[in-house]
Amino acid sequence: MHEVIVCEKPTSAEKIAKALSPSAKKKVYNKKVKYWELKKDSKDITVVSAVGHLYSLTPDNPKDRVYFDLHWAPAYEVNKKGSGFTKDYVRAIKKLGKNADSYVHACDYDTEGTLIGYNALKYACGQENLSKISRMKFSTLTKKDLLEAYDNRIDLDMNQVDTGIARHVLDYYFGVNISKALMKSVSSAKHRFLKLSAGRVQTPTLSILVERENEIKDFVPEPYWLIKALVEGRTEDGVEDHIEVDHVDGKIFDKARAEEIMTKCQGKDAKVHKISLSNSKTQPPVPFNLGGLQSEAYNVFGFSPKKTQVIAQNLYTSGYTSYPRTSSQKLPESLGFKEIFSQLSHDGEFKKHISQLPSKLRPNNGKKDDAAHPAIHPTGILPQGLSRDDKKIYDLIVYRFISVFFEAAKFETMSTTLDIEGEKFRFRRRRVTHKGWMEHYPYRNIDNEEFPDIKEGDILKVLKLLADEKETKPPARYNQASLIKELEKRELGTKATRADIIDKLYDRKYITGDKQIEVNQLGTNMIDTLSTYCNDLTSEELTRAFENKLEGIDNNTSTRSEVIEEGKKEVKIILGDITKNSKEIGTKLYESYQESNIVGTCPTCGGNLVKRYSFKTKASFVGCSNYPDCTTIYSIPKGTNFLKKKCEKCGLPIISFGKPRQRACLDPNCGKDTTKPHQPEKVGECPECGKQLLKRSGRYGDFIGCSGFPKCRFTCSVEELEQKLK
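Residues numbered from 1 in each chain as written. Predicted model: local features only at pLDDT ≥ 70, side-chain atom pairs only at ≥ 80, totals over all residues. Heavy atoms only, no water.

Things to note about the pattern of salt bridges
Evaluation of the coordinates by the stated rule reveals 39 salt bridges. For Asp249, the salt bridge identified is with Arg257, shortest N-O distance 3.4 Å. Put simply, Arg444 and Glu296 hold a salt bridge, and the shortest N to O gap is 2.8 Å. Separated by 148 residues along the polypeptide, Arg444 in the loop between strand E13 (423-434) and strand E14 (459-460) and Glu296 in helix H10 (residues 290-301) bring together distant segments of the chain. Overlapping salt bridges bring together Asp249, Arg257, Glu260, Lys264 and Glu423 as one network. (Salt bridge = Lys/Arg side-chain N within 4 Å of Asp/Glu carboxyl O. Helix = DSSP H or I, 4+ residues; strand = E, 2+ residues; numbered from the N terminus.)

Here is the structure:
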């Protein structure tokens, strides 16, 4: 009897094969695709893998004006350049899966994983074999979990399959058709090609960012005053410890009131009016779901959500942590906490904390649940040879897992009110009385302040009285982590797609900025234009409604065909709005694109310096908007970013480029005397050909090159010269 197991990735296939049989043999199809053969329970088993999606949606007739009639085709046919590598995997599954007696779907247990495996089995192995499929469900790639999943296989969840198909069809309907219509509007209005992108979730996400930009732009700052006093004090050990106290009114918007307090309190002593001591607890954190891990990794390490997701997925496929794309904040007892901790204890650093765990292991579970997978946790298998960043995420997951089993941290708080001539001031200090979980989670600062040695009725000398004039600040821009949280709160996108949506907005140049997301002119005008002419596309409500309908397929409250048909109706309405206002939309989008590419002022004629792309040279450059009357032009390296900072010498923008990133003036000749011929300085003999080495000046600064160029291509940086000549 022959059984074929289809996995999502090659690493998963290897782990499943070795879990089922230590003597599994590795084979190679067409010198490229690894697969495994083994015997188990009198069955000949072949374990083969996909590499993500092997099949993509494509229109039945590419010449159609609107694409509603779609079918699944091999990804290498749909996208020959980007997915060509999948061809051998499709052929391997076809050949190895031919005439098998049974099939096992062993891709990741979520909507995407289910669809990946379903399509591979349906189209590569044949629709007639769908009745022979069983499903493995696992959350870690450990031998224990994989054997349990194989021995307790379940039926393929067709609701999950239908949800995946409907989601892909909706994304195609909205994304491809609407993007195509917007690009056509620009082409019709301006006879120019402009690559634009809109989507079912992408556009409302951009709308959220534009809304915040408008709040910042419309914000009118208000002046206010903070009154503070510095009073003398000593700690309980007698060490001098001055105390900063704040006026109880906090932000004072009335200048006269601020001046009154300052006049009244100037030169006066403070009397300790009231001291109250209280105890509080800080509960342990909840286990990580994907959003929680992304947020914490951003706050602690500055990692983008996408980077964290990729690392977490790699740790999972390596068998070190559990499946990352989960919404759950719960750790069930069935995971076997003691066994995991026992394995982790082989690491000395982890053991220091694990040895102090309470005898009864009860995690501080959160509220969110996920029927498919538990919260993210280590499997117990200790990793080898992780990169620095991968190790950071792994340690973060382990320490969070350890900390959720400890008791709450306990604090004592001293809240004190002082009286200065009838005006009340206060300060608060907090010290730890029991570190609890905080002692075992090294990513949190612990408040442990000294209490001053004072009592009610004491008179304290005021050393200084200050009035800080400040202004109210606009709402903060989103960063990538806070935007993920906002999307989660508004129920837009899924845990698996939110990071990709943000990445796409960067890729389309709608947004910029790492620490704070800023929307550029094209992004702002895209939302303003779409809000004016086809408001449904920017609507959160529409997107949320479709997310609920997709969930309804899983819950048997809606069907795949109903959701797809409704999506088609909505897209037709939006396309009708775009067609009706095509000229206005195209003109506005192209003008905003042009505006977003202005990088400075031309030093020759005062026109705009505009970033452009040459289809002839396939490279970007900066030219004057008054061309051909003005021929000012600057070449720029690939991957150049334009900074807000201007060159102090010439006023042109500063650019960043290269790896590692370097900064320079847009003008490569800035600060150089180009009227005199430059005589390169001789600095030694070339270690490769013996000719003179010359110190030359290039686009990116000084460098060392051989006088025998182009026959000899030896180069090095000025800093490397001494080492190269040894």
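Further notes follow.
Concerning the packing of H10 against helix H14 (residues 388-403)
With their axes 11 Å apart at the nearest point, H10 and H14 run at an angle of 115° to one another. Every pair of crossing elements has a handedness; the one defined by H10 and H14 is right-handed. Touching Leu293, Glu296, Ala297 and Phe301 of H10 are Lys392, Ile393, Leu396, Ile397 and Arg400, all from H14. Broken down by class, the residue content of the contact of H10 with H14 amounts to 6 nonpolar, no polar and 3 charged. (Axes fitted to C-alpha atoms, helices over the stretch in contact; angles between N-to-C directions. Left-handed = near helix turned anticlockwise from the far one by under 90°. Contact = heavy atoms within 4.5 Å. Nonpolar A, V, L, I, M, F, W, Y, C, P; charged D, E, K, R; others polar.)

Topic: the nonpolar core
Membership of the largest hydrophobic core comes to 88 residues, with the highest contact counts inside it found for Leu54, Phe174, Ile178, Leu182, Leu196, Leu206 and Ile511. When sequence neighbours within four positions are dropped, the list of residues in contact with Leu206 reads Leu505, Tyr510, Ile511, Val519, Gly523, Met526 and Ile527. Of all hydrophobic cores here, the second largest spans 37 residues; its members include Phe303, Leu396, Ile402 and Val432. (Core = buried A, V, L, I, M, F, W, Y, C linked by side-chain atoms within 4.5 Å. Buried < 20%, exposed > 50% of the residue type's maximum accessible area, 1.4 Å probe, protein only.)

Some details on the packing of aromatic side chains
With the rule as written, the count across this model stands at 19 aromatic pairs. Between Tyr55 and Tyr123, the ring centres sit 5.3 Å apart and the planes meet at 40°, which makes this aromatic pair tilted. Taken together, the residues span a long stretch of sequence, with Tyr55 in strand E5 (residues 55-59) and Tyr123 in helix H5 (residues 111-124) at a distance of 68 residues. Judged by relative accessible area, Tyr55 falls into the buried class, the value being 5%. Between the aromatic rings of Phe401 and Phe405, the centroid separation amounts to 5.4 Å while the plane-to-plane angle is 75°, which identifies the pairing as edge-to-face. We classify Phe405 as buried; its relative accessible area is 3%. Ring pairing ties together the aromatic residues Phe301, Phe303, Tyr320, Phe350, Tyr394, Tyr399, Trp437, Tyr441 and Tyr443, which thus form one cluster. (Phe/Tyr/Trp six-rings, centres within 6.5 Å; stacked < 30°, edge-to-face > 60°.)

Details of the sheet that holds strand E20 (residues 619-624)
Strand order in the open sheet formed by 4 strands is E18-E19-E20-E21, with antiparallel pairing between adjacent strands. With one partner strand each, in any of the chains shown, strand E18 (598-601) and strand E21 (633-635) form the two edges of the open sheet. Across the sheet, the axes of successive neighbouring strands diverge by a mean angle of 30°, strand direction being ignored. Sheet analysis places strand E19 (residues 608-614) next to E20, joined by 6 bridges and oriented antiparallel. Bridge pairing in E20 links Ser614 to Ala619. (Pairing = 2+ DSSP bridges.)

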